[in-house]
Amino acid sequence: MKGVVFLGDRQLALQDFPDPTPGPDDVVLEIKASGMCGSDLKFYRAPAGGASASLGFTKGLQGPIIRGHEPCGVVVAVGKNVSPKQARVGQRAMQHHYVGCGVCPQCSTGWMQLCDDGVDQVYGATGHGAHANYMVCPARTVVTLPEELSFETGAAISCGTGTAWGALQRLGLQGDHTIAIFGQGPVGLSATQLASAMGARVIALDTSPERLARAKEFGADLVINPIETNDVVGAIKDATHGLGAHLSLDASSSPQARAQAVRCIRTWGKACYVGEGGEVTLDVSPDLLRRQVTLIGSWTFSTVGQAECARYIADRGIEVDKLFTHRWRLDQAEEAYKLFDQQNSGKGVILPN
(Lines give C-alpha, C1' and ligand atoms only; values in the text may rest on other atoms or scores of the structure.)
Protein backbone atom coordinates (compact mmCIF):
# COMPACT_ATOMS: atom_id res chain seq x y z
CA MET A 1 0.00 0.00 0.00
CA LYS A 2 0.96 3.68 -0.26
CA GLY A 3 1.41 6.04 2.69
CA VAL A 4 2.35 9.71 3.12
CA VAL A 5 5.49 10.45 5.14
CA PHE A 6 6.94 13.82 6.12
CA LEU A 7 10.61 14.16 5.27
CA GLY A 8 11.18 17.41 7.18
CA ASP A 9 11.18 21.10 6.28
CA ARG A 10 7.87 20.99 4.36
CA GLN A 11 8.86 18.01 2.21
CA LEU A 12 6.81 14.82 1.94
CA ALA A 13 6.75 11.62 -0.05
CA LEU A 14 4.35 8.85 -0.97
CA GLN A 15 6.13 5.63 0.01
CA ASP A 16 5.39 1.92 -0.22
CA PHE A 17 4.51 -0.01 2.94
CA PRO A 18 3.38 -3.61 3.47
CA ASP A 19 -0.38 -4.09 3.71
CA PRO A 20 -1.06 -4.35 7.47
CA THR A 21 -2.37 -7.46 9.19
CA PRO A 22 -4.10 -7.36 12.58
CA GLY A 23 -2.50 -8.61 15.77
CA PRO A 24 -4.68 -10.63 18.17
CA ASP A 25 -6.30 -7.52 19.67
CA ASP A 26 -6.20 -5.32 16.57
CA VAL A 27 -8.32 -4.36 13.60
CA VAL A 28 -7.42 -3.16 10.12
CA LEU A 29 -9.30 -0.16 8.75
CA GLU A 30 -9.66 0.53 5.05
CA ILE A 31 -9.33 4.31 5.17
CA LYS A 32 -12.12 6.17 3.42
CA ALA A 33 -11.28 9.67 4.71
CA SER A 34 -8.24 11.07 6.49
CA GLY A 35 -8.61 14.64 7.70
CA MET A 36 -5.86 17.26 7.68
CA CYS A 37 -5.43 18.96 11.06
CA GLY A 38 -3.54 22.08 12.08
CA SER A 39 -1.29 20.03 14.36
CA ASP A 40 -0.15 18.06 11.28
CA LEU A 41 1.59 21.25 10.17
CA LYS A 42 3.93 21.12 13.17
CA PHE A 43 5.26 17.81 11.87
CA TYR A 44 5.18 18.94 8.24
CA ARG A 45 7.20 22.10 8.98
CA ALA A 46 9.64 20.61 11.49
CA PRO A 47 13.16 19.40 10.71
CA ALA A 48 13.28 15.66 10.13
CA GLY A 49 12.41 13.91 13.40
CA GLY A 50 12.03 17.15 15.32
CA ALA A 51 8.31 17.58 15.96
CA SER A 52 7.36 14.56 18.05
CA ALA A 53 9.71 15.39 20.89
CA SER A 54 8.69 19.04 20.86
CA LEU A 55 5.07 17.99 21.47
CA GLY A 56 6.08 15.66 24.30
CA PHE A 57 5.79 12.37 22.39
CA THR A 58 8.78 10.15 23.09
CA LYS A 59 7.53 6.60 22.44
CA GLY A 60 6.71 5.11 19.08
CA LEU A 61 8.02 3.62 15.86
CA GLN A 62 11.44 4.15 14.38
CA GLY A 63 11.84 5.07 10.73
CA PRO A 64 9.32 6.64 8.34
CA ILE A 65 5.88 7.15 9.89
CA ILE A 66 2.66 7.38 7.91
CA ARG A 67 0.98 10.67 8.80
CA GLY A 68 -2.64 11.59 9.37
CA HIS A 69 -4.44 11.40 12.71
CA GLU A 70 -8.08 11.88 11.70
CA PRO A 71 -8.96 8.35 10.52
CA CYS A 72 -12.30 7.11 9.31
CA GLY A 73 -13.12 4.03 7.30
CA VAL A 74 -14.40 0.47 7.33
CA VAL A 75 -13.14 -2.48 9.38
CA VAL A 76 -11.82 -5.09 6.93
CA ALA A 77 -10.00 -7.49 9.28
CA VAL A 78 -10.07 -8.29 13.00
CA GLY A 79 -7.68 -10.14 15.31
CA LYS A 80 -8.57 -13.46 16.93
CA ASN A 81 -9.21 -11.91 20.36
CA VAL A 82 -11.49 -9.11 19.13
CA SER A 83 -15.07 -9.41 20.36
CA PRO A 84 -17.88 -8.47 17.95
CA LYS A 85 -18.92 -5.97 20.62
CA GLN A 86 -15.59 -4.19 20.03
CA ALA A 87 -15.42 -4.35 16.25
CA ARG A 88 -16.63 -6.41 13.32
CA VAL A 89 -15.79 -6.70 9.65
CA GLY A 90 -17.86 -4.20 7.66
CA GLN A 91 -18.27 -1.78 10.57
CA ARG A 92 -18.11 1.93 9.69
CA ALA A 93 -15.61 3.33 12.15
CA MET A 94 -13.72 6.33 13.41
CA GLN A 95 -10.54 5.83 15.40
CA HIS A 96 -9.36 7.43 18.64
CA HIS A 97 -5.82 8.20 17.57
CA TYR A 98 -3.99 7.35 20.80
CA VAL A 99 -3.16 4.13 22.59
CA GLY A 100 -1.98 3.71 26.17
CA CYS A 101 -1.66 0.79 28.56
CA GLY A 102 -5.39 0.10 28.36
CA VAL A 103 -5.91 -0.65 32.07
CA CYS A 104 -5.07 2.47 34.11
CA PRO A 105 -7.93 4.73 35.30
CA GLN A 106 -7.40 7.07 32.33
CA CYS A 107 -7.31 4.38 29.64
CA SER A 108 -10.20 2.42 31.10
CA THR A 109 -12.45 5.48 30.85
CA GLY A 110 -11.46 6.20 27.25
CA TRP A 111 -8.78 8.85 27.92
CA MET A 112 -5.85 6.93 26.48
CA GLN A 113 -3.92 10.11 25.68
CA LEU A 114 -3.69 10.67 29.45
CA CYS A 115 -2.36 7.16 30.22
CA ASP A 116 -0.64 7.00 33.59
CA ASP A 117 2.27 5.17 31.94
CA GLY A 118 2.53 7.66 29.10
CA VAL A 119 1.06 7.48 25.62
CA ASP A 120 2.38 4.40 23.83
CA GLN A 121 1.56 5.65 20.35
CA VAL A 122 -0.07 8.68 18.76
CA TYR A 123 -1.24 7.58 15.35
CA GLY A 124 0.02 9.86 12.63
CA ALA A 125 2.74 11.19 14.95
CA THR A 126 4.64 8.26 16.51
CA GLY A 127 2.64 5.40 14.97
CA HIS A 128 1.41 4.78 11.44
CA GLY A 129 -1.63 6.94 10.71
CA ALA A 130 -4.39 7.32 8.16
CA HIS A 131 -2.79 9.02 5.14
CA ALA A 132 -2.70 5.56 3.58
CA ASN A 133 -4.93 2.89 2.09
CA TYR A 134 -5.07 0.90 5.34
CA MET A 135 -4.34 1.37 9.03
CA VAL A 136 -3.94 -1.14 11.86
CA CYS A 137 -4.91 -0.18 15.42
CA PRO A 138 -6.15 -1.77 18.68
CA ALA A 139 -9.84 -2.66 18.61
CA ARG A 140 -10.38 -0.66 21.80
CA THR A 141 -9.56 2.55 19.89
CA VAL A 142 -12.37 2.04 17.34
CA VAL A 143 -15.49 4.21 17.66
CA THR A 144 -18.61 3.44 15.60
CA LEU A 145 -19.56 5.96 12.93
CA PRO A 146 -23.36 6.48 12.82
CA GLU A 147 -24.95 5.48 9.54
CA GLU A 148 -26.28 9.02 9.03
CA LEU A 149 -22.77 10.51 8.86
CA SER A 150 -20.31 10.57 5.98
CA PHE A 151 -16.79 9.25 6.29
CA GLU A 152 -15.56 12.84 5.92
CA THR A 153 -17.61 13.96 8.92
CA GLY A 154 -16.24 10.98 10.83
CA ALA A 155 -12.70 12.07 10.01
CA ALA A 156 -13.42 15.58 11.31
CA ILE A 157 -14.88 14.20 14.54
CA SER A 158 -11.77 12.03 14.96
CA CYS A 159 -9.79 15.13 15.90
CA GLY A 160 -10.70 18.72 15.01
CA THR A 161 -14.47 18.69 15.49
CA GLY A 162 -14.20 16.26 18.39
CA THR A 163 -11.64 18.54 20.03
CA ALA A 164 -14.05 21.48 19.74
CA TRP A 165 -16.82 19.34 21.21
CA GLY A 166 -14.62 18.31 24.14
CA ALA A 167 -13.73 21.92 24.93
CA LEU A 168 -17.34 23.10 24.79
CA GLN A 169 -18.33 20.27 27.12
CA ARG A 170 -15.62 21.24 29.59
CA LEU A 171 -16.78 24.84 29.47
CA GLY A 172 -20.35 23.79 30.21
CA LEU A 173 -21.75 25.80 27.30
CA GLN A 174 -25.46 26.61 27.51
CA GLY A 175 -27.87 28.21 25.08
CA ASP A 176 -28.04 31.50 26.99
CA HIS A 177 -24.25 31.98 26.91
CA THR A 178 -22.16 34.26 24.75
CA ILE A 179 -18.85 32.63 23.80
CA ALA A 180 -15.83 34.29 22.16
CA ILE A 181 -13.90 31.86 19.95
CA PHE A 182 -10.37 32.94 19.01
CA GLY A 183 -9.09 31.39 15.79
CA GLN A 184 -11.36 30.11 13.01
CA GLY A 185 -9.23 27.34 11.62
CA PRO A 186 -10.76 23.83 11.56
CA VAL A 187 -11.02 23.51 15.36
CA GLY A 188 -12.26 27.04 16.00
CA LEU A 189 -14.72 26.88 13.12
CA SER A 190 -16.02 23.56 14.44
CA ALA A 191 -16.50 25.21 17.82
CA THR A 192 -18.40 28.04 16.14
CA GLN A 193 -20.65 25.58 14.31
CA LEU A 194 -21.33 23.44 17.38
CA ALA A 195 -21.83 26.36 19.78
CA SER A 196 -24.28 27.96 17.39
CA ALA A 197 -26.17 24.67 17.05
CA MET A 198 -26.36 24.51 20.85
CA GLY A 199 -28.09 27.89 20.87
CA ALA A 200 -25.23 30.05 22.13
CA ARG A 201 -24.34 33.50 20.81
CA VAL A 202 -20.94 33.26 19.13
CA ILE A 203 -18.32 35.98 18.70
CA ALA A 204 -15.71 34.67 16.24
CA LEU A 205 -12.22 36.14 15.95
CA ASP A 206 -9.54 35.61 13.31
CA THR A 207 -7.02 37.66 11.33
CA SER A 208 -8.15 36.10 8.02
CA PRO A 209 -11.13 37.76 6.29
CA GLU A 210 -11.81 34.48 4.47
CA ARG A 211 -12.04 32.56 7.71
CA LEU A 212 -14.24 35.21 9.31
CA ALA A 213 -16.60 34.98 6.33
CA ARG A 214 -16.84 31.24 6.86
CA ALA A 215 -17.48 31.78 10.58
CA LYS A 216 -20.51 33.89 9.67
CA GLU A 217 -21.73 31.09 7.41
CA PHE A 218 -21.30 28.64 10.29
CA GLY A 219 -23.43 30.63 12.69
CA ALA A 220 -21.26 33.36 14.25
CA ASP A 221 -23.37 36.32 15.39
CA LEU A 222 -20.44 38.76 15.37
CA VAL A 223 -16.97 38.55 13.81
CA ILE A 224 -13.91 40.52 14.86
CA ASN A 225 -10.58 40.87 13.04
CA PRO A 226 -7.95 41.69 15.70
CA ILE A 227 -5.73 43.34 13.07
CA GLU A 228 -8.48 45.85 12.32
CA THR A 229 -9.59 46.35 15.94
CA ASN A 230 -7.65 48.57 18.33
CA ASP A 231 -9.17 47.08 21.48
CA VAL A 232 -10.34 43.48 21.06
CA VAL A 233 -11.36 43.04 24.70
CA GLY A 234 -13.24 46.34 24.58
CA ALA A 235 -15.06 45.29 21.40
CA ILE A 236 -16.24 42.08 23.05
CA LYS A 237 -17.39 43.96 26.13
CA ASP A 238 -19.21 46.49 23.93
CA ALA A 239 -21.11 43.60 22.38
CA THR A 240 -22.05 42.16 25.77
CA HIS A 241 -23.46 45.19 27.63
CA GLY A 242 -20.06 45.97 29.13
CA LEU A 243 -19.85 42.67 31.00
CA GLY A 244 -17.77 40.47 28.71
CA ALA A 245 -18.50 37.04 27.28
CA HIS A 246 -19.60 34.23 29.58
CA LEU A 247 -17.03 31.90 28.02
CA SER A 248 -14.09 31.95 25.67
CA LEU A 249 -12.15 29.37 23.71
CA ASP A 250 -8.71 29.88 22.20
CA ALA A 251 -7.83 27.70 19.21
CA SER A 252 -5.19 30.04 17.81
CA SER A 253 -2.15 29.40 20.05
CA SER A 254 -1.41 33.13 19.77
CA PRO A 255 0.00 34.56 23.05
CA GLN A 256 -1.95 37.77 22.52
CA ALA A 257 -5.19 35.95 21.75
CA ARG A 258 -4.76 33.73 24.79
CA ALA A 259 -4.44 36.75 27.05
CA GLN A 260 -7.45 38.39 25.40
CA ALA A 261 -9.45 35.18 25.83
CA VAL A 262 -9.01 35.50 29.60
CA ARG A 263 -9.54 39.26 29.78
CA CYS A 264 -12.66 39.34 27.59
CA ILE A 265 -14.80 37.20 29.88
CA ARG A 266 -16.98 38.52 32.67
CA THR A 267 -16.68 37.89 36.40
CA TRP A 268 -17.14 34.15 37.12
CA GLY A 269 -16.42 33.44 33.45
CA LYS A 270 -14.48 30.50 32.02
CA ALA A 271 -11.71 30.49 29.42
CA CYS A 272 -10.49 27.36 27.66
CA TYR A 273 -7.16 26.85 25.88
CA VAL A 274 -7.19 24.31 23.05
CA GLY A 275 -4.40 25.45 20.69
CA GLU A 276 -1.14 23.55 21.22
CA GLY A 277 2.27 25.00 22.08
CA GLY A 278 3.53 28.47 22.93
CA GLU A 279 3.24 30.63 26.02
CA VAL A 280 1.01 33.30 27.52
CA THR A 281 1.63 36.03 30.09
CA LEU A 282 -1.16 36.95 32.50
CA ASP A 283 -1.40 39.36 35.40
CA VAL A 284 -2.78 36.86 37.88
CA SER A 285 -4.64 39.15 40.29
CA PRO A 286 -6.70 41.28 37.86
CA ASP A 287 -6.94 38.63 35.14
CA LEU A 288 -7.91 35.67 37.30
CA LEU A 289 -8.18 35.99 41.05
CA ARG A 290 -10.17 39.17 41.46
CA ARG A 291 -12.76 38.15 38.87
CA GLN A 292 -13.11 34.50 39.98
CA VAL A 293 -12.11 33.36 36.49
CA THR A 294 -11.70 29.66 35.69
CA LEU A 295 -8.93 28.79 33.20
CA ILE A 296 -9.22 25.37 31.56
CA GLY A 297 -6.88 23.35 29.39
CA SER A 298 -8.59 20.86 27.07
CA TRP A 299 -6.76 18.16 25.11
CA THR A 300 -8.95 16.41 22.54
CA PHE A 301 -11.57 13.99 23.94
CA SER A 302 -12.22 10.44 25.16
CA THR A 303 -13.60 7.55 23.13
CA VAL A 304 -16.88 8.10 24.98
CA GLY A 305 -16.85 11.80 24.08
CA GLN A 306 -16.06 10.98 20.46
CA ALA A 307 -19.11 8.72 20.25
CA GLU A 308 -21.30 11.32 21.97
CA CYS A 309 -20.14 14.02 19.57
CA ALA A 310 -20.95 11.85 16.56
CA ARG A 311 -24.39 10.99 17.92
CA TYR A 312 -25.17 14.66 18.64
CA ILE A 313 -24.17 15.72 15.14
CA ALA A 314 -26.19 12.91 13.56
CA ASP A 315 -29.31 13.54 15.63
CA ARG A 316 -29.33 17.27 14.92
CA GLY A 317 -28.31 17.12 11.30
CA ILE A 318 -25.28 19.40 11.73
CA GLU A 319 -23.55 19.77 8.38
CA VAL A 320 -19.96 19.11 9.41
CA ASP A 321 -19.06 18.22 5.80
CA LYS A 322 -19.24 21.94 5.04
CA LEU A 323 -15.95 22.33 6.93
CA PHE A 324 -14.17 20.76 3.98
CA THR A 325 -13.19 23.09 1.18
CA HIS A 326 -10.67 20.75 -0.45
CA ARG A 327 -10.70 17.02 -1.12
CA TRP A 328 -7.57 15.28 -2.31
CA ARG A 329 -6.45 11.91 -3.59
CA LEU A 330 -3.56 10.23 -1.81
CA ASP A 331 -1.21 11.04 -4.69
CA GLN A 332 -2.10 14.75 -4.32
CA ALA A 333 -0.79 15.00 -0.75
CA GLU A 334 2.13 17.26 -1.68
CA GLU A 335 -0.17 19.80 -3.31
CA ALA A 336 -2.64 19.47 -0.44
CA TYR A 337 -0.11 20.32 2.27
CA LYS A 338 1.40 23.21 0.33
CA LEU A 339 -2.03 24.81 0.25
CA PHE A 340 -2.87 23.92 3.85
CA ASP A 341 0.45 25.38 5.01
CA GLN A 342 -0.79 28.85 4.00
CA GLN A 343 -3.54 28.55 6.67
CA ASN A 344 -6.02 30.78 4.89
CA SER A 345 -8.30 28.09 3.47
CA GLY A 346 -10.82 25.75 5.02
CA LYS A 347 -10.27 22.15 6.04
CA GLY A 348 -8.79 19.55 3.71
CA VAL A 349 -9.34 15.80 3.61
CA ILE A 350 -7.47 13.01 1.85
CA LEU A 351 -9.59 10.23 0.32
CA PRO A 352 -7.28 7.23 -0.10
CA ASN A 353 -9.82 4.64 -1.28
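Please refer to the structure higher up on the page.
**Student:** Pulling in residues and values, what's your account of helix 6 (residues 186–197)?
**Tutor:** When the terminal C-alpha atoms of helix 6 are compared, their 16 Å separation across 12 residues agrees well with the 16 Å that a helix rising 1.5 Å per residue should span. Burial within helix 6 is extensive, with 10 of its 12 residues counted as buried. Of the positions making up helix 6, those classed as buried are Pro186, Val187, Gly188, Leu189, Ser190, Ala191, Thr192, Gln193, Leu194 and Ala195. Downstream of helix 6 by one or two residues, Gly199 has phi in the positive range, about 95 degrees.

**Student:** Which residues make up the sheet that holds strand 13 (residues 245–250), and what are the values?
**Tutor:** Spatially, six strands are ordered 12-11-10-13-14-15 in an open sheet, and the strand pairing comes out parallel. Since the sheet does not close on itself, it has two edges, and those belong to strand 12 (222–224) and strand 15 (294–297), each with one partner. Taking each pair of neighbouring strands and ignoring which way they run, the sheet shows an average axis angle of 20 degrees. Pairing of strand 13 with strand 14 (residues 265–273), which is carried by five bridges, proceeds in the parallel orientation. The residue bridging Ser248 from the neighbouring strand is Ala271, located in strand 14. Sheet strands touched by helix 9 (residues 255–263): strand 10 (178–182), strand 13, strand 14 and strand 15. Its angle to strand 14, the strand with the most contacts, is close to 145 degrees.

**Student:** So what's going on with the layout of surface pockets? Residues and values would help.
**Tutor:** Put simply, the largest pocket is a space of about 970 Å³. Every residue lining the largest pocket is counted, 47 residues in all, and those nearest its centre are Ala251, Ser252, Ser253, Gly275 and Glu276. Those elements that provide at least two residues to the lining of the largest pocket are helix 1 (40–45), helix 6 and helix 9. Among the elements that make up the lining of the largest pocket, the one with the highest residue count is helix 1 (five residues). For the lining of the largest pocket, the residue count by class is 20 nonpolar, 21 polar and six charged.

**Student:** Account for the packing of aromatic side chains, naming residues and giving values.
**Tutor:** The full count for this structure, using the stated rule, is six aromatic pairs. Ring centres of Tyr98 and Trp299 lie 5.5 Å apart, and the angle between their planes is 70 degrees; this geometry places the pair in the edge-to-face category. One end of the pair, Tyr98, is in strand 6 (residues 98–99); the other, Trp299, is in the loop between strand 15 and helix 11 (303–316), and 201 residues separate them in sequence. Geometrically, the ring pair formed by Trp165 and Tyr312 is tilted, given 5.1 Å between the ring centres and 50 degrees between the ring planes.

**Student:** Describe the state of the cysteines, with residues and values.
**Tutor:** Per the counting criterion, the structure on display carries zero disulfides. A disulfide-free cysteine, Cys72 has its sulfur positioned 12 Å from the sulfur of Cys137, the nearest such atom. Classification of Cys72 as buried rests on a relative accessible area of 0%. Among the cysteines around Cys272, which has no disulfide bond, Cys264 carries the closest sulfur, lying 13 Å off. Cys272 sits in the buried class, given a relative accessible area of 0%.

**Student:** For the nonpolar core, give the residues involved together with the corresponding values.
**Tutor:** In this structure, Leu168, Leu173, Ile179, Leu194, Leu249 and Ile313 are the most contacted members of the largest nonpolar core, which totals 44 residues. Of all the elements in the fold, those that place two or more residues in this core are helix 4 (151–157), helix 5 (160–171), strand 10, helix 6, strand 11 (201–205), strand 13 and helix 11. Once residues within four sequence positions are removed from consideration, Ile179 is found in contact with Leu168, Leu171, Leu173, Ala195, Ala200, Arg201, Val202, Ile203, Leu247, Ser248 and Leu249. Of all hydrophobic cores here, the second largest spans 22 residues; its members include Val4, Phe6, Leu12 and Cys115.

**Student:** Break down unusual backbone geometry for me, with residues and values.
**Tutor:** Excluding glycine, residues mostly have negative phi values, and the peptide bonds linking residues are mostly trans. Here Trp268, not a glycine, exhibits a phi torsion of approximately 75 degrees, which is positive. The topology assignment puts Trp268 in strand 14. Within the chain, Gln292 stands out as a residue other than glycine whose phi angle is a positive 55 degrees. Among the secondary structure elements, Gln292 is positioned in the loop between helix 10 (284–287) and strand 15. The class of Gln292 is partly exposed, set by a relative accessible area of 43%.

Rules and cut-offs
Residues numbered from 1 in each chain as written. Predicted model: local features only at pLDDT ≥ 70, side-chain atom pairs only at ≥ 80, totals over all residues. Heavy atoms only, no water. Helix = DSSP H or I, 4+ residues; strand = E, 2+ residues; numbered from the N terminus. Expected span 1.5 Å × (residues − 1). Buried < 20%, exposed > 50% of the residue type's maximum accessible area, 1.4 Å probe, protein only. Pairing = 2+ DSSP bridges. Axes fitted to C-alpha atoms, helices over the stretch in contact; angles between N-to-C directions. Contact = heavy atoms within 4.5 Å. 1 Å grid on protein atoms, 1.4 Å probe; cavity = no way out; pocket = protein on both sides within 12 Å on 5 of 7 lines; lining within 4 Å. Points joined across faces, edges and corners; volume = space filled by probe spheres on them. Nonpolar A, V, L, I, M, F, W, Y, C, P; charged D, E, K, R; others polar. Phe/Tyr/Trp six-rings, centres within 6.5 Å; stacked < 30°, edge-to-face > 60°. Disulfide = S-S within 2.5 Å. Core = buried A, V, L, I, M, F, W, Y, C linked by side-chain atoms within 4.5 Å.

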